[in-house]
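# Summary of the model geometry
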Amino acid sequence: MLDAIIFDVDGTLAETEDVHLAAFNDAFAAAGLPWRWDEARYERLLLVTGGKERIAHSLQDAGLPPLPPDAVAALHAAKTAQYGARVQAGRVALRPGVARLIAEARAAGVMLAIATTTSLPNVEALLTATLGAGSLGWFAAVGAGDMVAAKKPAPDIYDWVVRRLGVAPGRCVALEDSENGVRSAAAAGVPVVVTMSRWSGGHDFAGALAVVDGLGEPDAPCRVAVGRAPAGGMVDLGAVQGWLAASHVNDTFQQG
Ligand code: XBP
Ligand code: MG
């Protein structure tokens, strides 16, 4: 029933957006630009996925003239370098339970994949810094950033990952932290579980199999906002398989 777990990155694998925000502001300062995003503004800007798209949107939102696409790309490349330096310096840790679930899936032969809006160098930096140099190879498919034409909430990145995995979307479960992510996975036919992050406030997770505040650990059980509570307060492989099986039963009943 469960062939693969597809992980979102920012907010799901790790609470990274504070580091992204600092990297954006450092890139603006290094370019001599008088822009500084505070947390309240960044929370709104996070609704626009993709760093280049976010920069362009922030200019339009502030009534400022647009930058040429190559200037936005150069600014974003500087930001990505700033972000990577912070991650390599150990400034980001995996969220509780992430390493545990990845190890369980690997041991059980359940494929792992990544479907993210962030740039591929950021994924490589985060996995290397937290799971070690060879960990990128644990993922049968890594879909990131500009690999697809349309970013989340479009389904493109999940469609790409599912095609790469060579399985049916309904035999996967996506782990996400944002409304855009839930919409992207659902539009690709991939059942989705939400692990709320620091920046998930106010998001609409309609359609998710379950909504929890994290994957939990034995000494720190997760709290459940939607769906059946996982045994022992931890989102383990059994919990993911159980939510997926229940969703298929529901689908069968609904089809009559
Ligand atoms: C989150 C995003 C990304 C990051 C910044 O990605 O929308 O844009 O905020 O990374 P996800 P970039 O939750 O899908 O992992 O600047 O590289 O886009
Ligand atoms: Mg996310």
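My aim in this report is to walk through the structure given alongside it, one point at a time. What you are looking at is a predicted structure, and each value in this text was computed from that prediction instead of being measured.

Criteria and cut-off values
- Residues numbered from 1 in each chain as written.
- Chains lettered and ligands numbered in written order.
- Predicted model: local features only at pLDDT ≥ 70, side-chain atom pairs only at ≥ 80, totals over all residues.
- Heavy atoms only, no water.
- Near = heavy atom within 4 Å.
- Polar contact = N/O pair within 3.5 Å; in protein donor to acceptor, adjacent residues only side chain to side chain.
- Helix = DSSP H or I, 4+ residues; strand = E, 2+ residues; numbered from the N terminus.
- Nonpolar A, V, L, I, M, F, W, Y, C, P; charged D, E, K, R; others polar.
- Buried < 20%, exposed > 50% of the residue type's maximum accessible area, 1.4 Å probe, protein only.
- Pairing = 2+ DSSP bridges.

## Re the site of ligand 1
Around ligand 1 sit 20 residues in total, of which Glu17, Gly51, His76, Thr116 and Ser119 are the nearest. A distance of 2.8 Å separates an oxygen atom of ligand 1 from a polar atom in the side chain of Asp8. Gly51 has a polar backbone atom sitting 2.7 Å from an oxygen atom of ligand 1. Those elements giving two or more residues to the shell around ligand 1 turn out to be α1 (17-30), α3 (51-61) and α4 (69-88). With 3 residues, the single largest contributor to the shell around ligand 1 is α1. Grouping the constituent residues of the shell around ligand 1 by class yields 4 nonpolar, 10 polar and 6 charged.

## Observations concerning the pairing of strand β4 (residues 172-176)
Burial analysis of β4 places 5 of its 5 residues in the buried class, the great majority of the element. Judged by which residues are buried, β4 turns out to be covered on both faces: Cys172, Ala174 and Glu176 on one side and Val173 and Leu175 on the other are all buried. Of the strand pairs in this sheet, strand β1 (residues 4-7) and β4 are connected by 4 bridges, and their pairing is parallel. Directly across from Phe7, in β4, lies its bridge partner Leu175. Taken together, the 3 bridges between β4 and strand β5 (residues 192-195) define a ladder with parallel strand orientation.

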